[in-house]
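This is what each chain is made of:
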Amino acid sequence: MTTLIIGAHGQIGQLLIKALVAEGETPRAMVRAEEQAKVVKDLGAEPAIADLEGNVQSAFEGCDKVVFTAGSGAKTGPDKTILVDMWGAMKAVDAAKAAGISQFVMVSSRGAEDPEKGPAKIKHYTVCKKLADDHLLRSGQPYTILRPGRLTDETAERTITTQWPDTADEQWIPREDVALAIAHCLKTPVTIGKVYPLFHGKHSFSDALN
Ligand SMILES: NC(=O)c1ccc[n+]([C@@H]2O[C@H](COP(=O)([O-])OP(=O)(O)OC[C@H]3O[C@@H](n4cnc5c(N)ncnc54)[C@H](OP(=O)(O)O)[C@@H]3O)[C@@H](O)[C@H]2O)c1
């Protein structure tokens, strides 16, 4: 099986490469620049250079599964949120469908389920994430959507929950657990067609996601 990771040079992207390589896979790592290609190659992935603001179709050739974990980040403005987090994600869904991909795992976000309920400061982001998720849900492309809470750099707890914690303070999850949850979804067909909130918690990946 070959999995294309979009956003492979990012923090979750690199943790996911490590998780898949540990399982014996050689993922295809989509990155934007030559120096990033070297980084992902050293981790054990096969690099493919492409930019979500350009044409991405060739990166999908020969792949079975796709993970979208790209994001324009907080340092750029809402223009890039539209072009990368929304339009780039929608473009990736269309490219996956054209390539006959069997599972598209979208790293969405807490708040995408209802942008009206979240903080105004990040509403442009949660609206973009929701519209990208809606495009995937309507596309006919087999999907798994993960909606993690605030990402942290803690070491993986290797346990999670898909239940909403009572307080916003508790709505976090280590990036490494998100990467492990993605790896679990990729090898567990029952996760196809599901949308999961994702937080730190006390359940095994199987108990929470299967
Ligand atoms: N931060 C949070 O608390 C939070 C919460 C929930 C969900 N999320 C979601 O989690 C995901 C990943 O998080 P992370 O911490 O791993 O992010 P990250 O480290 O910022 O990684 C994002 C990756 O996306 C890539 N990217 C940006 N623009 C691109 C473009 N035009 N074409 C191709 N790739 C592009 C970046 O490439 P470069 O390396 O070249 O910059 C980077 O490698 C994102 O989808 C984000 O929306 C975040």
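Here, the structure is the one placed above.
Residues numbered from 1 in each chain as written. Predicted model: local features only at pLDDT ≥ 70, side-chain atom pairs only at ≥ 80, totals over all residues. Heavy atoms only, no water.

1. Focus: the site of the ligand
Okay, so step 1: The ligand sits among 24 residues. The nearest are Gln36, Asp51, Ala70, Tyr125 and Arg175.
Okay, so step 2: In this structure, Arg32 approaches the ligand through a side-chain N or O atom, which is 3.0 Å from an oxygen atom.
Okay, so step 3: Ala70 places a main-chain nitrogen or oxygen 2.7 Å from an oxygen atom of the ligand.
Okay, so step 4: Within the complex, 81% of the 930 Å² of free accessible area of the ligand lies under protein.
Okay, so step 5: Counting residues per element, the ones that place at least two in the shell around the ligand are helix H1 (11–22), helix H4 (123–139) and strand E7 (150–152).
Okay, so step 6: In terms of residue class, the shell around the ligand is made up of 8 nonpolar, 10 polar and 6 charged. (Near = heavy atom within 4 Å. Polar contact = N/O pair within 3.5 Å; in protein donor to acceptor, adjacent residues only side chain to side chain. Areas by Shrake-Rupley, 256 points an atom, 1.4 Å probe, with all protein chains shown as cover. Helix = DSSP H or I, 4+ residues; strand = E, 2+ residues; numbered from the N terminus. Nonpolar A, V, L, I, M, F, W, Y, C, P; charged D, E, K, R; others polar.)

2. Quick look at the packing of helix H3 (residues 78–98) against H4
Okay, so step 1: Where H3 meets H4, the axes come as close as 9 Å, and the angle between the chain directions of the two elements is 10°. Viewed along their axes, H3 and H4 adopt a mutual orientation that is roughly parallel. Contact with H3, carried on its side by Pro78, Thr81, Ile82, Asp85, Met86, Ala89, Met90, Val93, Asp94 and Lys97, involves His124, Tyr125, Cys128, Leu131, Ala132, His135, Leu136 and Ser139 of H4 and no other residues of that element.
Okay, so step 2: A breakdown of the residues in the contact of H3 with H4 according to their chemical character gives 11 nonpolar, 4 polar and 3 charged. (Axes fitted to C-alpha atoms, helices over the stretch in contact; angles between N-to-C directions. Parallel < 35°, antiparallel > 145°, perpendicular 65-115°, else oblique. Contact = heavy atoms within 4.5 Å.)

3. Focus: the pairing of strand E3 (residues 46–49)
Okay, so step 1: With 4 bridges joining them, strand E2 (residues 28–31) and E3 adopt parallel strand pairing. Note on E3: the bridge partner recorded for Arg28 is Glu46.
Okay, so step 2: For the segment spanning E2, helix H2 (residues 34–42) and E3, crossover handedness is right-handed. (Pairing = 2+ DSSP bridges. Right-handed = clockwise from strand over helix to strand, strands pointing away.)

4. A look at the environment of Ala132
Okay, so step 1: In this fold, Ala132 is placed in helix H4.
Okay, so step 2: For Ala132, a relative accessible area of 1% gives the class buried.
Okay, so step 3: Spatially, the C-alpha atom of Ala132 lies 14 Å from that of Ala96, the residues being 36 residues apart in sequence.
Okay, so step 4: Setting aside residues up to four positions removed in sequence, Ala132 forms contacts with Asp85, Met86, Ala89, Met90 and Met106. (Buried < 20%, exposed > 50% of the residue type's maximum accessible area, 1.4 Å probe, protein only.)

5. Remarks on the state of the cysteines
Okay, so step 1: Tallied over the entire structure, the rule returns 0 disulfides.
Okay, so step 2: For Cys185, which is in no disulfide, the shortest distance to another cysteine sulfur is to Cys63 and amounts to 18 Å. (Disulfide = S-S within 2.5 Å.)

6. Describing H2
Okay, so step 1: Within the sequence span of H2, burial applies to Gln36, Ala37 and Val40. One face of H2 carries all of its buried residues, which in axial projection span an arc of 105°. Exposed residues lying more than 90 degrees from the buried face of H2 are Glu34, Glu35, Lys38, Lys41 and Asp42.
Okay, so step 2: Taken together, the buried residues of H2 touch H1, E2 and E3.
Okay, so step 3: A positive backbone phi angle near 110° is found at Gly44, which sits one or two residues after H2. (Arc of directions from axis to C-beta.)

7. Structural notes on the side chain of Gln36
Okay, so step 1: Checked against the element boundaries, Gln36 lands in helix H2.
Okay, so step 2: A relative accessible area of 17% means that Gln36 is categorised as buried.
Okay, so step 3: Excluding residues within four positions of it along the chain, Gln36 makes contact with His9 and Val31.

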